[in-house]
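Given next are the chains, with one letter for each unit.
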Amino acid sequence: MANGQYRKDISPGVEVDIVLKQDQRTGKTTNGIVKDILTKSPQHPHGIKVRLENGNVGRVKNIIQ
């Protein structure tokens, strides 16, 4: 299971765990399928920001598949 710091590891259709903005203090993760990759840079220390198919936006913490 890769962490979500590198854009090359993430693509639309991949299942990931993200941390939503309101959950950053607790670290609670939300599972879903990537729809769009929002971070333009090739890597980000807090995780690549993505939009899930259900509309949630957050930073990737784990890549499931």
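Residues numbered from 1 in each chain as written. Predicted model: local features only at pLDDT ≥ 70, side-chain atom pairs only at ≥ 80, totals over all residues. Heavy atoms only, no water.

Q: Sorry, what's going on with the nonpolar core here?
A: One recurring pattern in soluble globular proteins is that nonpolar side chains are buried together. One finds I10, V14, V16, I18, L20, V34, I37, I48, V50, L52, V60 and I63 forming the largest nonpolar core, which totals 12 residues. For this core, the secondary-structure elements that each account for two or more residues are strand 1 (15-20), strand 2 (30-37), strand 3 (49-52) and strand 4 (57-63). Sort the elements by how many residues they give to this core and strand 1 lands first, with three residues. The residues touching L20, leaving out its near neighbours within four places in the chain, are T30, N56, V57 and G58. (Core = buried A, V, L, I, M, F, W, Y, C linked by side-chain atoms within 4.5 Å. Buried < 20%, exposed > 50% of the residue type's maximum accessible area, 1.4 Å probe, protein only. Helix = DSSP H or I, 4+ residues; strand = E, 2+ residues; numbered from the N terminus. Contact = heavy atoms within 4.5 Å.)

Q: Help me out: how do you make sense of the pairing of strand 2 in this one?
A: A regular strand carries its side chains on alternate faces of the sheet. Note that strand 1 and strand 2 share four bridges and pair antiparallel. Pairing of I18 across the sheet is with T30, part of strand 2. Pairing of strand 2 with strand 3 involves three bridges; the strand directions are antiparallel. Looking at strand 3, one finds that V34 is bridged to L52. (Pairing = 2+ DSSP bridges.)

Q: Would you mind going over the environment of V50 with me for this structure?
A: Within the element layout of this structure, V50 appears in strand 3. Residue classification places V50 among the buried residues on the basis of a relative accessible area of 0%. In this structure, the C-alpha to C-alpha distance between V50 and T39, residues 11 residues apart in sequence, is 7.1 Å.

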